[in-house]
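Chain by chain, the residues:
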Amino acid sequence: MAPIPGSGLAKGLAVTLRTMTRKTVTEQYPDAQPELPPRTRGVIGLFEENCTVCMLCARECPDWCIYIDSHKETVPPAAPGGRERSRNVLDRFAIDFALCMYCGICIEVCPFDALFWSPEFEYAETDIHELTHERDKLREWMWTVPAPPALDPAAEEPKEIAAARKTAEKLAAAQAESNAPRTPEPNAPQAPEPKSPRGGES
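Every value quoted in this text rests on a predicted model; they were computed, and no experiment measured them.

Caption draft 1: Focus on the side chain of Asp96. With respect to the helices, strands and loops of the structure, Asp96 is situated in strand S3 (residues 85-96). Although Asp96 lies buried, it forms no salt bridge, and the closest oppositely charged side chain, Arg92, sits 8.5 Å away as judged by the N-O distance. Apart from the residues lying within four places of it in its own chain, the contact partners of Asp96 are Cys65, Tyr67, Leu131 and Thr132.

Next comes the structure, spelled out in structure tokens:
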């Protein structure tokens, strides 16, 4: 069926009329902070303890706005006879928010949950060079990250939690078994008493 001429114009005017009849709401910012959605993309917070300097975030960033420096340290063996290991130690983690386009790729590709979205948005600067924020500032924003939403009560238990729980139960059972007192079996043969030497009296 062919559209009626002028129907698109009538729909557009209907939207305009509906909007005109709504009450106008003015946000009283900065006196009152706005209520932001829970998944607001404000800035990126860094949880430094989880970062292993794998460089995935910097390599996947389409704007190349993440700067990471690190050095290697030798870790002594955990047990005697083991070999020494080397690990990366984070020296610098900075993000240039003058270049960042807030795509979230760095947060998605991080395998160790070191980067998170923070709803913080008040970080304007008068100089564009001051929009490169170092890890200390990123660490401060980490504490403004909202808690994740609660899981659905009917949802399946996460595999990581289930595996950790099974391992903990096995360790607890093994420890309880090792601490349990051992009782001799009732039908166990008794050790023979030592015989006196020949010619002697016991």
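Caption draft 2: The arrangement of the pattern of salt bridges in detail. Under the defined criterion, the tally for this structure stands at six salt bridges. Across the salt bridge formed by Arg135 and Glu48, the nearest N and O atoms sit 3.0 Å from each other. You can see Arg135 sitting in helix H4 (residues 135-142) and its partner Glu48 sitting in the loop between strand S1 (43-46) and helix H2 (56-60), a full 87 residues away along the chain. Accessibility expressed as a relative area gives 22% for Arg135, which makes it partly exposed. The partner of Glu169 in a salt bridge is Arg165, and the shortest N-O contact between them spans 3.5 Å. In this pair, Glu169 and Arg165 are both assigned in helix H5 (residues 159-179), four residues apart and thus about one turn of the helix distant. Taking the relative accessible area as the measure of exposure, Glu169 reaches 45% and is therefore partly exposed. You can call Arg165 partly exposed: its relative accessible area is 36%.

Caption draft 3: Geometry of the sheet that holds strand S2 (residues 66-75). With antiparallel pairing, three strands are arranged side by side in an open sheet as S2-S3-S5. Two strands in the sheet have a free side with no partner beyond their single neighbour: S2 and strand S5 (132-133). Sheet contacts for H4: S3 and S5; angle to S3, the most-contacted strand, approximately 85 degrees.

Caption draft 4: Broad picture of a nonpolar patch on the surface. On the surface, a cluster of nonpolar side chains totalling about 260 Å² of accessible area is made up of Tyr29, Leu36 and Phe121. Following the sequence through the fold, Tyr29 ends up in the loop between helix H1 (7-21) and S1. Overall, Tyr29 belongs to the partly exposed group, its relative accessible area being 40%.

Caption draft 5: Expanded view of unusual backbone geometry. Look at the link from Tyr29 to Pro30: it is a cis peptide, with omega at 10 degrees. Tracing the sequence through the fold places Pro30 in the loop between H1 and S1. Notably, Met55 is not glycine yet its phi reads approximately 70 degrees, a positive angle. Tracing the backbone shows Met55 in the loop between S1 and H2.

Thresholds, definitions, all that
- Residues numbered from 1 in each chain as written.
- Predicted model: local features only at pLDDT ≥ 70, side-chain atom pairs only at ≥ 80, totals over all residues.
- Heavy atoms only, no water.
- Helix = DSSP H or I, 4+ residues; strand = E, 2+ residues; numbered from the N terminus.
- Buried < 20%, exposed > 50% of the residue type's maximum accessible area, 1.4 Å probe, protein only.
- Lys, Arg positive; Asp, Glu negative; His and termini not counted.
- Salt bridge = Lys/Arg side-chain N within 4 Å of Asp/Glu carboxyl O.
- Contact = heavy atoms within 4.5 Å.
- Pairing = 2+ DSSP bridges.
- Axes fitted to C-alpha atoms, helices over the stretch in contact; angles between N-to-C directions.
- Patch = residues over 30% accessible without salt bridge, like charges linked within 9 Å, V, L, I, M, F, W, Y side chains within 5 Å.
- Areas by Shrake-Rupley, 256 points an atom, 1.4 Å probe, with all protein chains shown as cover.

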